[in-house]
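Results of the structural survey
Here's the letter readout for the chains.
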Amino acid sequence: MKKFTTKNTFNAVKLFNNNDKLVGEIISPYFINGLSEKIKLKDKVFKIKGTGFLWRDIKIYDQDNYLICKSDISKSRIIYFGDTIEIFTFKHKNWLSNKFFLYKNDQIILALDYKGFFRWKFIIEVDENFDNDLIILIFFNFYMRGFSSSAD
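Report on the accompanying structure. (Residues numbered from 1 in each chain as written. Predicted model: local features only at pLDDT ≥ 70, side-chain atom pairs only at ≥ 80, totals over all residues. Heavy atoms only, no water.)

What follows concerns the pattern of salt bridges. For the structure shown, the criterion picks out five salt bridges. Here Glu 25 ties to Lys 14 by a salt bridge, and the two come within 3.9 Å at their closest N and O atoms. Here Glu 25, found in strand β3 (residues 22–27), pairs with Lys 14, found in strand β2 (residues 12–16); they are 11 residues apart in sequence, far enough to count as distant. Residue Glu 25 is classed as buried on the basis of its relative accessible area of 11%. Residue classification places Lys 14 among the partly exposed positions, given a relative accessible area of 22%. Between Asp 72 and Arg 77 there is a salt bridge, with the nearest N and O atoms lying 3.3 Å from each other. The buried category is assigned to Asp 72, whose relative accessible area is 15%. Residue class for Arg 77 comes out partly exposed when judged on its relative accessible area of 23%. (Salt bridge = Lys/Arg side-chain N within 4 Å of Asp/Glu carboxyl O. Helix = DSSP H or I, 4+ residues; strand = E, 2+ residues; numbered from the N terminus. Buried < 20%, exposed > 50% of the residue type's maximum accessible area, 1.4 Å probe, protein only.)

Shape is all these values report; function is a separate question.
See below:
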């Protein structure tokens, strides 16, 4: 499994790979998750819009305002509209655990956990064969928005 870690800055959470190289970041300019959030991946910026009841679901738009990803919390899934449509499902290990998993075809491709009390550090383990950094950032943002007590 490949490991990724995060570092918090003034208005963003940055995702780093094993070699401490910046992969991307989630930008929240208003200090509150959900308001004008963006995902920055290399030279591309993706807009995040909250939808549904209490804005728990998200839709991700590219720079041309095309929908590229959306979540469906009622069915525990994330749908990615890339070259092909991919459907990912997610769930907690159990209600006492911080671990959160992303599945594709019933196989774990991503595990997310966090450590800390006042300063959260997220640890993301990704299957060696999975290389979609945008999905990693989308899933991480989705986790921070609603499933982590640190996001509320």
